[in-house]
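Descriptive analysis of the structure
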Amino acid sequence: MLSGQSELSPCVRHCCLDANDVCLGCQRTLVEILAWHSMADSQKQQLMAELPLRQLGGKPSASSIMNQNKKA
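Conventions adopted
- Residues numbered from 1 in each chain as written.
- Predicted model: local features only at pLDDT ≥ 70, side-chain atom pairs only at ≥ 80, totals over all residues.
- Heavy atoms only, no water.
- Helix = DSSP H or I, 4+ residues; strand = E, 2+ residues; numbered from the N terminus.
- Buried < 20%, exposed > 50% of the residue type's maximum accessible area, 1.4 Å probe, protein only.
- Areas by Shrake-Rupley, 256 points an atom, 1.4 Å probe, with all protein chains shown as cover.
- Salt bridge = Lys/Arg side-chain N within 4 Å of Asp/Glu carboxyl O.
- Core = buried A, V, L, I, M, F, W, Y, C linked by side-chain atoms within 4.5 Å.
- Contact = heavy atoms within 4.5 Å.

Points about the overall build of the protein
Across its full length, the protein holds 3 helices and 0 strands. Across the 72 residues of the protein, 32% fall into the buried class. Summed over its atoms, the accessible surface of the protein is roughly 4,900 Å², and 57% of this surface lies on carbon and sulfur atoms.

Laid out in structure tokens, this is it:
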């Protein structure tokens, strides 16, 4: 059995992408959704901490894990 963050997922099974490819259910971007299973636990934890802010109307931050990976 897996341990820690590997078992967690922010998915709430209300998947619908908006015009910016952000899921209306979990607030992850399409890139973040596709990368979830290959992300390190520390990356998942960072993203999980950011998602509640997105639910309150915040946008994915420029410093989010997936945005950093796109720049690399």
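Focus: the pattern of salt bridges
Within the structure shown, the criterion is met by 2 salt bridges. A salt bridge links Arg 54 to Glu 50, with the nearest nitrogen and oxygen atoms 2.7 Å apart. In this pair, Arg 54 and Glu 50 both sit in helix α2 (residues 41–55), 4 residues apart, roughly one turn of the helix. Both residues of the pair, Arg 54 and Glu 50, belong to the buried class. A single salt-bridge network, built from bridges that share partners, covers Glu 32, Glu 50 and Arg 54.

Regarding the nonpolar core
The nonpolar side chains of a soluble globular protein tend to be buried with one another. Grouped together as the largest cluster of nonpolar side chains are 5 residues: Ala 35, Trp 36, Met 39, Leu 47 and Leu 51. Setting aside anything within four residues of it in sequence, one finds Leu 51 in contact with Pro 10, Cys 26, Gln 27 and Arg 28.

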